[in-house]
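# Results of the structural survey
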Amino acid sequence: RLGRSLLAVETKTGVLYKTWDFSSDSSMGSVAAGPLAMEVLTGTNLAQRVYFSTRSGGVYALGCGTRQAASGKNPGFRIDSSDPNHWTTAANVRKLFQASAGEYITTSPVPFRLPYGFPGVAISGKNPPQAVGVVVGTGDLWDPMDRDSANPAEITNGDGKEYHRLVMLFDRSD
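To start, this report covers the structure provided alongside it. The structure presented is a predicted model; accordingly, all values stated were derived computationally and were not measured.

## Topic: the sheet that holds strand 4 (residues 49-53)
One open sheet accounts for 4 strands, arranged 3-4-5-6; its pairing is antiparallel. The strands lining the two open edges of the sheet, one partner per strand, are strand 3 (36-38) and strand 6 (94-98). The sheet shows a mean angle of 20 degrees between the axes of neighbouring strands, taken without regard to direction. The pairing of strand 3 with strand 4 spans 3 bridges and is classified as antiparallel. Within strand 4, the position partnered with Leu36 by the bridge is Tyr51.

What follows is the structure in structure tokens.
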């Protein structure tokens, strides 16, 4: 199954650092072009998460799966790490979104940093969850106004004109 893996390559040497193989997940299509690394911990100049979409309409986040202890300021929050060896395995990568049947994700995910605490609300005495916004588009990338096998149904807002969706997701640390 081609296109069902992500690779981490050491950019200075070209050495393959780590591989995530998703071929055992039959519900996940091939990884679409443009996985995007995200620096969640500001000032590190390193990636802590990678966002990607698949041909089956899924949007996923790859990053650290370790959670903080139940006591303290951030109970149960994911701990972001720049070391891919601490990231989740291919078997438990986090799915953030699944498009409707027959609908495709036609853009690379675009992650962006949100102000600390938004859109979460802090529980008394605790920190609010950190969140990353992720935007993707659906529809037929090559011919967005054409209804064919890739875009069989008309998506309208009631005025008879066809529309495609821009989807905004929030990947919170909690």
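There's more to say after this.
## Remarks on unusual backbone geometry
One non-glycine residue, Asn45, lies in the positive phi region at around 60 degrees. Among the structural elements, Asn45 can be located in the loop between strand 3 and strand 4.

## Digging into the pairing of strand 2 (residues 16-21)
Judged from the 5 bridges that link them, strand 1 (residues 5-9) and strand 2 form a sheet pairing that is antiparallel. From the neighbouring strand, Leu7 faces strand 2, where its bridge partner is Thr19. The hairpin formed by strand 1 and strand 2 contains 6 residues between the paired strands, and Gly14 there has a positive phi angle of roughly 80 degrees.

## Observations regarding the environment of Ile105
Looking at the element boundaries, Ile105 is found in the loop between strand 6 and strand 7 (110-113). Taking relative accessible area as the criterion, Ile105 reaches 6% and is therefore assigned buried. When the C-alpha atoms of Ile105 and Val136 are compared, they prove to be 6.8 Å apart, with 31 residues separating the residues in sequence. Ignoring sequence-local partners within four residues, the contact set of Ile105 consists of Ser53, Gly57, Gly58, Val59, Phe97, Ala99, Val136, Gly137 and Thr138.

## Quick word on the nonpolar core
Leu6, Trp20, Phe22, Phe52, Leu62, Trp87 and Val93 are the most contacted members of the largest nonpolar core, which has 14 residues in total. Elements with a minimum of two residues in this core: strand 1, strand 4 and strand 5 (58-63). With residues up to four places along the chain from it excluded, the contact list for Val93 reads Phe22, Met28, Phe52, Tyr60, Ala61, Leu62 and Thr88. Judged by nonpolar contacts, the second largest core, of 13 residues, contains Val40, Val59, Ile105 and Val167.

## Concerning the sheet that holds strand 9 (residues 166-172)
The strand order across the open sheet formed by 3 strands is 7-8-9, and the pairing between neighbours is antiparallel. The strands lining the two open edges of the sheet, one partner per strand, are strand 7 and strand 9. Strand-to-strand twist in this sheet, taken as the mean axis angle between neighbours without regard to direction, amounts to 25 degrees. Inspection of the sheet shows strand 8 (residues 131-137) paired to strand 9 by 7 bridges, in the antiparallel sense. When the sheet's bridge partners are listed, Val134 is paired in strand 9 with Leu169.

## Concerning the pattern of salt bridges
In this structure the tally under the stated criterion is 4 salt bridges. For Arg78, the salt bridge goes to Asp171, with nearest N and O atoms at 3.1 Å. With a gap of 93 residues between them, Arg78 in the loop between strand 5 and strand 6 and Asp171 in strand 9 connect regions that are remote in the sequence. Owing to a relative accessible area of 7%, Arg78 belongs among the buried residues under this scheme. Given a relative accessible area of 2%, Asp171 falls into the buried group. Each of Arg49, Arg78, Asp80, Arg94 and Asp171 takes part in salt bridges that share partners, so that together they form one network.

## Some thoughts on the side chain of Asp80
By secondary structure assignment, the location of Asp80 is in the loop between strand 5 and strand 6. Under the relative-accessibility criterion, Asp80 is labelled buried at 14%. Within the local environment of Asp80, its side chain forms a polar contact with the side chain of Arg49, the two groups lying 2.9 Å apart. Those residues in contact with Asp80, other than ones at most four positions away along the chain, are Val40, Leu41, Gln48, Arg49, Cys64, Gln130 and Ser173.

What counts and how
Residues numbered from 1 in each chain as written. Predicted model: local features only at pLDDT ≥ 70, side-chain atom pairs only at ≥ 80, totals over all residues. Heavy atoms only, no water. Pairing = 2+ DSSP bridges. Helix = DSSP H or I, 4+ residues; strand = E, 2+ residues; numbered from the N terminus. Axes fitted to C-alpha atoms, helices over the stretch in contact; angles between N-to-C directions. Buried < 20%, exposed > 50% of the residue type's maximum accessible area, 1.4 Å probe, protein only. Contact = heavy atoms within 4.5 Å. Core = buried A, V, L, I, M, F, W, Y, C linked by side-chain atoms within 4.5 Å. Salt bridge = Lys/Arg side-chain N within 4 Å of Asp/Glu carboxyl O. Polar contact = N/O pair within 3.5 Å; in protein donor to acceptor, adjacent residues only side chain to side chain.

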